[in-house]
Amino acid sequence: MRDTNPSPSAAVTDPARPAPDPADPAEITELRRVAVHLAQTAAAHVRARRPEVFGAGEDAQDAVRAKSSPTDPVTVVDTETEQLIRRLLAELRPGEAVLGEEGGGSLGDDRQIVWVVDPIDGTVNFMYGIPAYAVSVAAMRGGRSLAGAVVDVAAARTYSAGLGAGATRTGPDGIANPLRCNEVDSLAMTLLATGFGYGAARRARQGRLIGELLPHVRDIRRIGSAALDLCMVAAGRADAHYEHGLNTWDWAAGALIAAEAGARLVLPPAGTTGKTGELVVAAAPGIATELLELFDRLGVSEAIAES
């Protein structure tokens, strides 16, 4: 299991690659400002478009298509929103690369800023009108998140962080509050968040693991957006989150926000495809060691690759 240290610099780098150039505080501040602007602008677009595409009595069949499986959808709003972010980045940060869930891309070299974008994390919730979906934007370099923002679209809340600069949640009133993980120190009192993949075999394995974990914790929640789950750990609304098979855009911003709020992280190297089924964990520091030991005993730490 790849465990990072719980310090604010807990975003993972691949030890096989050269160390990235250090970032100065002014650069972190600017990257965070841009990430927040992009995520908030995109969230406003998503918020406005949902009633137009999925309004009462509307036929939205043409607005949705399947990706990896029939249960893994992408909507026209996902595509529009990523295109909007890419256009804004071309204006604000010309020449910098983008890795997006819908439009693809790569992480580039170790000295290049790459913007990692999930235009709607929680697309199924978005389609059904369940108010738990988000826009996630992160600036990475050398496999390390330097700044990131996650906007809870329905609630108009912005979570953001900069490497070594802390994490905050800003409400619709514009007031920013610092984030800190819960001080829980008992696994039996842990509220654990998780998510499921789209392949039947992976889901079956994940379901069996839920049954083995449940007796050891207070309860388990499945919200439907990994980015929001990671922010919930940062805000103390969940004590830990774990999930197999996330892609880099699912955790690039949220994991930094959790780390800057004090969480311990387990992350695959940036760029690892979700198909390999590697584990992502963010846990409040007081229960992290006990939780990771339990994961090892039950086999949760093992990857669940797509068959």
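Position numbers for residues start from 1 in each chain and track the written sequence from start to end. Restriction of local features to residues with pLDDT of at least 70 applies here, the model being predicted, together with a cutoff of 80 or more for giving and counting side-chain atom pairs; totals for whole chains, interfaces and linings are based on all residues. Hydrogens and water molecules were not included; the side-chain quantities draw on all heavy atoms of the structure.

Draft legend 1. Quick peek at helix α7 (residues 285–298). By the criteria applied, helices consist of DSSP H or I runs no shorter than four residues and strands consist of E runs no shorter than two, each listed in order from the N terminus. What a helix is expected to span follows from its residue count: subtract one and scale by 1.5 Å. End to end, α7 covers 20 Å across 14 residues, agreeing with the expected 20 Å (1.5 Å per residue, within 8%). Only protein chains enter the accessibility calculation, which uses a 1.4 Å probe; a residue is then buried when its area is under 20% of its type maximum, exposed when over 50%, and partly exposed in between. For α7, the full list of buried residues reads Ile-287, Ala-288, Leu-291, Leu-292, Leu-294 and Phe-295. Here, two residues are considered to be in contact whenever any of their heavy atoms come within 4.5 Å of each other. Of the surrounding elements, those touching the buried residues of α7 are β10 (191–194), α4 (200–213), β12 (240–244), β13 (264–266) and β14 (279–283). A positive phi of about 85 degrees marks Gly-299, the residue just after α7.

Draft legend 2. Local environment of the pattern of salt bridges. Salt bridge, as applied in this entry: a Lys or Arg side-chain nitrogen positioned within 4 Å of an Asp or Glu carboxyl oxygen. Overall, the coordinates contain 9 salt bridges when judged by the stated rule. Across the salt bridge formed by Arg-49 and Glu-52, the nearest N and O atoms sit 2.9 Å from each other. Of the two residues, Arg-49 and Glu-52 are both situated in helix α1 (residues 25–54); the distance of 3 residues between them amounts to about one turn of the helix. Measuring nitrogen to oxygen at the nearest pair gives 3.9 Å for the salt bridge that ties Arg-157 to Asp-152. On the basis of relative accessible area, Asp-152 is assigned to the buried category, the value being 7%. By sharing partners, the salt bridges in this structure join Arg-49, Glu-52 and Glu-80 into a single network.

Draft legend 3. Looking closely at the UniProt feature "binding site: Mg(2+)" (unreviewed entry) in the protein. Following the UniProt record, the feature "binding site: Mg(2+)" (unreviewed entry) maps to Glu-101, Asp-118, Ile-120, Asp-121 and Asp-250 here. Over a stretch of 150 residues, the named residues converge on one spot in the fold, their C-alpha atoms separated by at most 9.8 Å. Within the fold, Asp-118 resides in strand β4 (residues 114–121). When residues no more than four places from it in sequence are discounted, the contact partners of Asp-118 are Glu-101, Ala-134, Val-135, Ser-136, Trp-249 and Asp-250. The residue Asp-250 is located in helix α6 (residues 248–260) in this model. Residue Asp-250 is classed as buried on the basis of its relative accessible area of 9%. Dropping the residues within four chain positions of it, Asp-250 is found in contact with Asp-118, Asp-121, Ala-226, Ala-227 and Leu-230. UniProt positions are given in the numbering used here, feature names are shortened, and annotations may be inferred rather than shown by experiment.

Draft legend 4. Broad picture of the sheet that holds strand β8 (residues 166–170). Any two strands with at least two DSSP-identified bridges between them are counted as paired. As summarised here, the arrangement of the 7 strands in space is β3-β4-β5-β6-β7-β8-β9, forming an open sheet in which the pairing is mixed. Edge positions in the sheet fall to β3 (97–100) and β9 (176–178), since each has one partner strand and no second. With strand direction ignored, the average angle separating the axes of adjacent strands in the sheet is 20 degrees. Pairing analysis gives 3 bridges linking β8 to β9, with the strands arranged antiparallel. Looking at the pairing, Thr-170 lines up with Ala-176 of β9. All axes here are fitted lines through C-alpha atoms, helices being fitted over the stretch that makes contact, and every angle between N-to-C directions spans 0 to 180 degrees.

Draft legend 5. Layout of the sheet that holds β14. Spatially, the 5 strands line up as an open sheet ordered β11-β10-β12-β14-β13, and their pairing is mixed. The sheet terminates laterally at β11 (219–221) and β13, the two strands that pair on one side only. The average undirected angle you get between the axes of adjacent strands in this sheet is 15 degrees. With 5 bridges joining them, β12 and β14 adopt antiparallel strand pairing. In the strand pairing of β14, Glu-243 is matched with Val-280.

Draft legend 6. Broad picture of the environment of Glu-101. Take Glu-101: it is sitting in the loop between β3 and β4. Along the primary structure Glu-101 and Asp-121 are separated by 20 residues, whereas in three dimensions their C-alpha atoms are 9.5 Å apart.

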